[in-house]
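Below are the chains, spelled out letter by letter.
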Amino acid sequence: MAFFDLGNLSKSTRFGDFSIAPGDVELSPGQIKTELLSGLTVALALVPEAVAFAFVAGVHPLVGLYAAFMVGLITALFGGRPGMISGATGALAVVMVALVAQHGVEYLFATVVLMGLLQIFAGVMQWGKFIRLVPHPVMLGFVNGLAIVIFLAQLTQFKVPGSAEVSGHGMSGGEWLSGGPLLMMLALVALTMLIIWGMPRLT
């Protein structure tokens, strides 16, 4: 999660040229090519990520795609930090499950708008520096706990479609897959993990 310093926003972003910060030279054609390829790579990576987190949050995949597009657009227009990637996060996905299940997608939109206003306020007040007070073990525990929650949310894919029921904490109940569908799902999982493990070694 990133906080933006709105006080320096007008100084650090100029829309009339390709300058990024005060004193920066204009981007060369090679740098523009690198930036475009980097943006394309991030955009292609955000599509499956947004769809996956939409399933975790219990909303339609198009909602995840629209949200990822808007986050990237706003970040591109109003600035950010070098190397910062803005997109869907698992932390928000798992938190929003109960909200969507109990109140619907409409309240999700209002909640995200309120969250954005709080982030802008924190950026104006320069409260981002206080994140340094959070101990490293707390961050590791948060990330590990988030990984467990996301893993448990993915187990719904191993159930018969339409058999699980929406509860306050996502999908619950339902009949587990068996026979051929279960073997197919396990094969797809193994193939996905093999691609993740093997492709970096080939490329």
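What you are looking at is a predicted structure, and each value in this text was computed from that prediction instead of being measured.

**Student:** I'd like a rundown of helix 2 (residues 29-57), residues and numbers included.
**Tutor:** The end-to-end C-alpha distance of helix 2 is 41 Å, a good match for the 42 Å that 29 residues give at a rise of 1.5 Å each. Helix geometry: helix 2 is bent most strongly at leucine 46, by close to 25°, with proline proline 48 lying one to four residues after it. Where the residues of helix 2 are buried, they touch helix 3 (61-78), helix 4 (90-103) and helix 6 (136-154). Directly beyond the C-terminal end of helix 2, a positive phi value near 80° is found at glycine 58.

**Student:** An account of unusual backbone geometry is requested, with residue identities and associated values reported.
**Tutor:** For glutamine 126, which is not a glycine, the phi torsion comes out positive at approximately 55°. Examined against the element boundaries, glutamine 126 turns out to sit in the loop between helix 5 (105-124) and helix 6.

**Student:** A description of the nonpolar core should follow, citing residues and the corresponding values.
**Tutor:** It is characteristic of soluble globular proteins that their nonpolar side chains tend to be buried jointly. Counting ten residues, the largest nonpolar core is built from Phe53, Ala54, Val56, Ala57, Val59, Ala93, Met96, Leu99, Val100 and Leu108. Elements with a contribution of two residues or more to this core: helix 2 and helix 4. Contacts of leucine 99, omitting those with residues within four sequence positions, involve Gly104, Tyr107, Leu108 and Thr111.

**Student:** Give a detailed account of the packing of aromatic side chains, specifying residues and quantitative values.
**Tutor:** Applying the stated criterion to the full structure yields one aromatic pair. Seen from their ring centres, phenylalanine 121 and tryptophan 127 are 5.3 Å apart, and the 85° between their planes marks the pair as edge-to-face. Looking at tryptophan 127, the relative accessible area reads 40%, which means it is partly exposed. Across from the ring centre of tryptophan 176, 4.9 Å away, lies the NZ or CZ of lysine 159, which sits over that ring.

**Student:** How would you summarise the environment of valine 143 if you had to cite specific residues and measurements?
**Tutor:** You can see valine 143 is positioned in helix 6. Exposure remark for valine 143: the relative accessible area of 48% places this residue in the partly exposed category. Between the C-alpha atoms of valine 143 and glycine 90, which are 53 residues apart in sequence, the distance is 9.6 Å.

Reading the values: rules and limits
- Residues numbered from 1 in each chain as written.
- Predicted model: local features only at pLDDT ≥ 70, side-chain atom pairs only at ≥ 80, totals over all residues.
- Heavy atoms only, no water.
- Helix = DSSP H or I, 4+ residues; strand = E, 2+ residues; numbered from the N terminus.
- Expected span 1.5 Å × (residues − 1).
- Bend = angle between axes of the 7 residues up to and from the residue.
- Contact = heavy atoms within 4.5 Å.
- Core = buried A, V, L, I, M, F, W, Y, C linked by side-chain atoms within 4.5 Å.
- Buried < 20%, exposed > 50% of the residue type's maximum accessible area, 1.4 Å probe, protein only.
- Phe/Tyr/Trp six-rings, centres within 6.5 Å; stacked < 30°, edge-to-face > 60°.
- Lys NZ or Arg CZ within 6 Å of the ring centre and 35° of its normal.

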